[in-house]
Structure formats: structure tokens, C-alpha cells
Amino acid sequence: MKKLGLIGGVGPEATLQYYKEIEYGVMKKLGKPVLPEITIESLSCFKMIPFGATQDYEGMTEYILGAVRTLEKANCDFIALACCTGHMVFDRVARETAIPMLSLVQVCVSEAKKKKFNKLLLLGTEGTMKDTYFKEPFEKEGIQVVTPSEEDCKWIGWHIENELEHGVITKDTKEKFIEIANKGYSDLGVDAIILGCTELPMVYGDVELKIPTLDATKIHIQNIIDEILI
């Protein structure tokens, strides 16, 4: 099995999900009590989100590269970044290391193509929704990606940073997130919703929406498991 270098902490709830689902997912796939080797380098979501909001690509790249250098020394076979916003500089970071990196965005594109989606609503941090790094790979494949209204984008961004990243989800917040998702279906005519923040499964993981979701976290995790076992 390959050894995974996981860049986590961005945020903690997602890192817990990645760790548990990868470990037990490998065991389940092999059908025997075997756990993969994982080295986790933990960064802070409260540094990453401002980099994304201000589109400070250089600052974000250097911050992530610090984690990559640690994982290089740990002799990891490949690296995964458990953070959608951090993928804003994925290509820049990947160019600076000889260790292969598994892109969350690209595996989501592959899944959307497989399911024949044509138009998607992207939800995530403000940086993710206003930047082009998540949208362009889909649009190159002929899949349109739209975002909520500016007001809703600000609301989503604030609640990700000030609630979800603290492990908090209130009833009112959850209801508003569901309303925004359903509005994408009724007003924008999208085929599915991209959960483009690794904390969003906290909100949508146990609710039934009018349309399907592309859960970037779960798709990424499954691809990581496959890569470990190659």
C-alpha cells in the first residue's frame, strides 16, 4: 500500500472525516484488518480562508508548501490536501514537489462527467465561489458552474468560517443552507450542487434535497483510498 501524506486542519471536522473514512475504507475494501500508513500535517483554516478571500496566491502557496516539505521528509508516496479553498493554488504547489498530489477538483470533474451533469451550483468559502480555480476545469469539459447571489455567497462564507469551522451547526443555519441549495434548483435550473468546502457535509450529510449533490469530500476520499491500494 502507498503511504498517504494528508494536509489537514483546514478544518478539523473535515480532517477527522478524512482520517476515519480512509482508514476504515481501506480495511473494508481489502476485507481484512489492515490499516494504511498516513502522516497528517495540520494547518489552520483560520489562516487559509483569509488567503482565499484576498486571493493571496503567494501567501497560500508558501503556507501549503511548508506542510508539503514536512510530508516529503516523512517519505509519503502521494499527498492529498483536505481543503477545497487550498486547491486555489494546487497547480503551483504541485509544481514544487516531486511527490504526486491528488486533486480534489479533478476527481469531482470526473464524477460530474460520469453522471452526465451539465450545470452545477458551487457552494464553498467566499474565496472558492468568487475565484475561477474550481469552475474552469468543469467548464473545459462543457459543464457550466454557477454560484448563488452575492448576498448568499457572503452569508455562506461567514457561516463556514464562524460556525462550521468551529464544529457548530445551528438549526437556523442548516435551514438557510437548505433553502439556498433548493433555490439553485428552482431559480437557476442546476442539475446538482457541488459541496465545494470540506465542512459542508456537516450541513448536507443527513438532509434530502430536491437535487443530487457532488460531495467533494467523499469523492476525494474514495479516490484517495483507490490510490493507496494501487
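Before going into details, it helps to say that this report is about the structure given with it. (Residues numbered from 1 in each chain as written. Predicted model: local features only at pLDDT ≥ 70, side-chain atom pairs only at ≥ 80, totals over all residues. Heavy atoms only, no water.)

A closer look at the environment of Glu151
Among the structural elements, Glu151 can be located in helix α8 (residues 150-162). Residue Glu151 is classed as exposed on the basis of its relative accessible area of 67%. (Helix = DSSP H or I, 4+ residues; strand = E, 2+ residues; numbered from the N terminus. Buried < 20%, exposed > 50% of the residue type's maximum accessible area, 1.4 Å probe, protein only.)

Re a negative patch on the surface
Residues Asp56, Glu58, Glu62 and Glu96 make up a contiguous surface patch of negative charge. Secondary-structure assignment places Glu58 in helix α3 (residues 57-73). Look at Glu58 and you get exposed, because its relative accessible area is 63%. (Patch = residues over 30% accessible without salt bridge, like charges linked within 9 Å, V, L, I, M, F, W, Y side chains within 5 Å. Areas by Shrake-Rupley, 256 points an atom, 1.4 Å probe, with all protein chains shown as cover. Salt bridge = Lys/Arg side-chain N within 4 Å of Asp/Glu carboxyl O. Lys, Arg positive; Asp, Glu negative; His and termini not counted. Charge placed at Lys NZ, Arg CZ, Asp CG, Glu CD.)

Section: the pattern of salt bridges
One pass over the structure, following the stated rule, counts 13 salt bridges. When the shortest N-O distance is used, the salt bridge between Glu227 and Lys2 registers 2.5 Å. With Glu227 in helix α11 (residues 216-228) and Lys2 in the segment before β1 (4-8), this residue pair connects regions lying 225 residues apart in the sequence. It is possible to trace a salt-bridge network through shared partners that takes in Asp152, Lys176, Glu179 and Lys183.

Things to note about the sheet that holds strand β4 (residues 101-102)
Spatial ordering of the open sheet is given by β2-β1-β3-β4, a layout of four strands whose pairing is parallel. Of all the strands in the sheet, just β2 (38-42) and β4 have a single pairing partner and so form its edges. Pairing of β1 with β2, which is carried by five bridges, proceeds in the parallel orientation. Each residue of the ladder has a partner; that of Gly5, found in β2, is Thr39. Contacts between α3 and the sheet are confined to β1, β2 and β3 (78-81), with β1 contributing the most and set at about 150 degrees to the helix. Along the sheet face, α11 touches β1, β3 and β4 and points at about 170 degrees away from the line of β3. (Pairing = 2+ DSSP bridges. Contact = heavy atoms within 4.5 Å. Axes fitted to C-alpha atoms, helices over the stretch in contact; angles between N-to-C directions.)

Describing empty space enclosed by the protein
The final tally for this structure, using the stated rule, is one cavity of 30 Å³ or more. Considered as a void within the structure, the largest cavity measures approximately 60 Å³ in volume. Surrounding the largest cavity, Val10, Cys45, Met48, Ile49, Cys83, Cys84, Thr85, Thr125, Glu165, Cys197 and Thr198 form its lining. Split by residue class, the lining of the largest cavity holds seven nonpolar, three polar and one charged. (1 Å grid on protein atoms, 1.4 Å probe; cavity = no way out; pocket = protein on both sides within 12 Å on 5 of 7 lines; lining within 4 Å. Points joined across faces, edges and corners; volume = space filled by probe spheres on them. Nonpolar A, V, L, I, M, F, W, Y, C, P; charged D, E, K, R; others polar.)

Thoughts on the layout of surface pockets
Taken as a whole, the largest pocket encloses approximately 370 Å³ of empty space. Lining of the largest pocket is provided by 18 residues; of these, His87, Asp91, Gln106, Tyr133 and Pro137 occupy positions nearest its centre. Listing elements by their share of the lining of the largest pocket, those giving two or more residues are α4 (90-95), α5 (104-114) and α7 (135-139). For the lining of the largest pocket, the class distribution of residues is eight nonpolar, four polar and six charged.

Focus on the nonpolar core
Counting residues in each nonpolar core, the largest one holds 57 residues, and the members touching the most others are Leu4, Ile7, Ile64, Leu120, Phe134, Phe138 and Ile224. With seven residues, the single largest contributor to this core is α3. For Leu120, the contacting residues outside a window of four places in its chain are Ala112, Phe138, Ile143, Gln144, Val145, Val146, Val190, Ala192, Ile194 and Leu214. Core analysis: the second largest hydrophobic core is formed by 20 residues, Cys153, Ile156, Phe177 and Val203 among them. (Core = buried A, V, L, I, M, F, W, Y, C linked by side-chain atoms within 4.5 Å.)

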